[in-house]
Amino acid sequence: MGDQATWSHALVKISPYTFSAIGIAVAIGVSVLGAAWGIYITGSSLIGAAIKAPRITSKNLISVIFCEAVAIYGVIVAIILQTKLQSVPTSQIYAPESLRAGYAIFASGIIVGFANLVCGLCVGIIGSSCALSDAQNSSLFVKILVIEIFGSALGLFGVIVGIIMSAQASWPSKAV
């Protein structure tokens, strides 16, 4: 029983399709969570600062759009990962190639999801600062917007790494 009850034994017995599905769900779910959190941070500061300076409302909506782009990154990667799934004969579900494909899709989803979570928070915090600064001094808007663009690039880096990781997903051929 001692040899059969290890974590590695348990993880190898989980279907690679389960790992793939969890990776796809994390990619979209955590990305949307990051976007929502960023919109919450930016939106609350934008509404508060707009009380003092109503002129900032329309031009600071770009920060909310940047946050929403984070969710779109997650949706795009989830669609890409979904297209990587292929049916495999039952005899080859636990073949090393199947396990590798499942782990690659899982890792890709985890990387994209959490990169976009951090990106959403980053863009939300910078967007909040942009709204508050713009309410005080309108000449600061473009300067802080450039910083926000660099923060938004973090999500793209996660997407690129996720796509590279998912390229490793190749399922065994159906012919045995």
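Analysis parameters
- Residues numbered from 1 in each chain as written.
- Predicted model: local features only at pLDDT ≥ 70, side-chain atom pairs only at ≥ 80, totals over all residues.
- Heavy atoms only, no water.
- UniProt positions renumbered as here; feature names shortened; annotations may be inferred.
- Helix = DSSP H or I, 4+ residues; strand = E, 2+ residues; numbered from the N terminus.
- Disulfide = S-S within 2.5 Å.
- Buried < 20%, exposed > 50% of the residue type's maximum accessible area, 1.4 Å probe, protein only.
- Salt bridge = Lys/Arg side-chain N within 4 Å of Asp/Glu carboxyl O.
- Contact = heavy atoms within 4.5 Å.

Asks: Looking at this structure, how should I read the UniProt feature "domain: V-ATPase proteolipid subunit C-like" (unreviewed entry) in the chain?
Replies: Taken from the UniProt record, the annotation "domain: V-ATPase proteolipid subunit C-like" (unreviewed entry) applies to residues 22-81 and 106-165. Taken as a whole, residues 22-81 contains 93% helix and 0% strand, while its terminal C-alpha atoms sit 11 Å from one another.

Asks: Please explain the state of the cysteines as it appears in this structure.
Replies: Here, the word disulfide means a covalent bond between the sulfur atoms of two cysteines. Considering all chains together, one arrives at zero disulfides under this definition. This cysteine, Cys 67, is not joined by any disulfide, and Cys 119 carries the nearest cysteine sulfur, 8.0 Å off. According to the relative accessible area criterion, Cys 67 is buried, its value standing at 0%.

Asks: I would appreciate a short explanation of the pattern of salt bridges in the present structure.
Replies: In the structure shown here, the tally under the stated rule is two salt bridges. Asp 134 is paired through a salt bridge with Arg 55; the nearest N and O atoms lie 3.4 Å apart. Taken together, the residues Asp 134 in helix H5 (residues 96-136) and Arg 55 in the loop between helix H2 (16-52) and helix H3 (56-59) connect sequence positions 79 residues apart. The class for Asp 134 is buried, based on a relative accessible area of 0%.

Asks: Would you explain the side chain of Ser 31 in this entry?
Replies: Turning to its location among the elements, Ser 31 is positioned in helix H2. Judged by relative accessible area, Ser 31 falls into the buried class, the value being 0%. For Ser 31, the residues in contact, after removing those within four places along its chain, are Val 26, Val 70, Ala 71, Gly 74, Val 112, Gly 113 and Asn 116.

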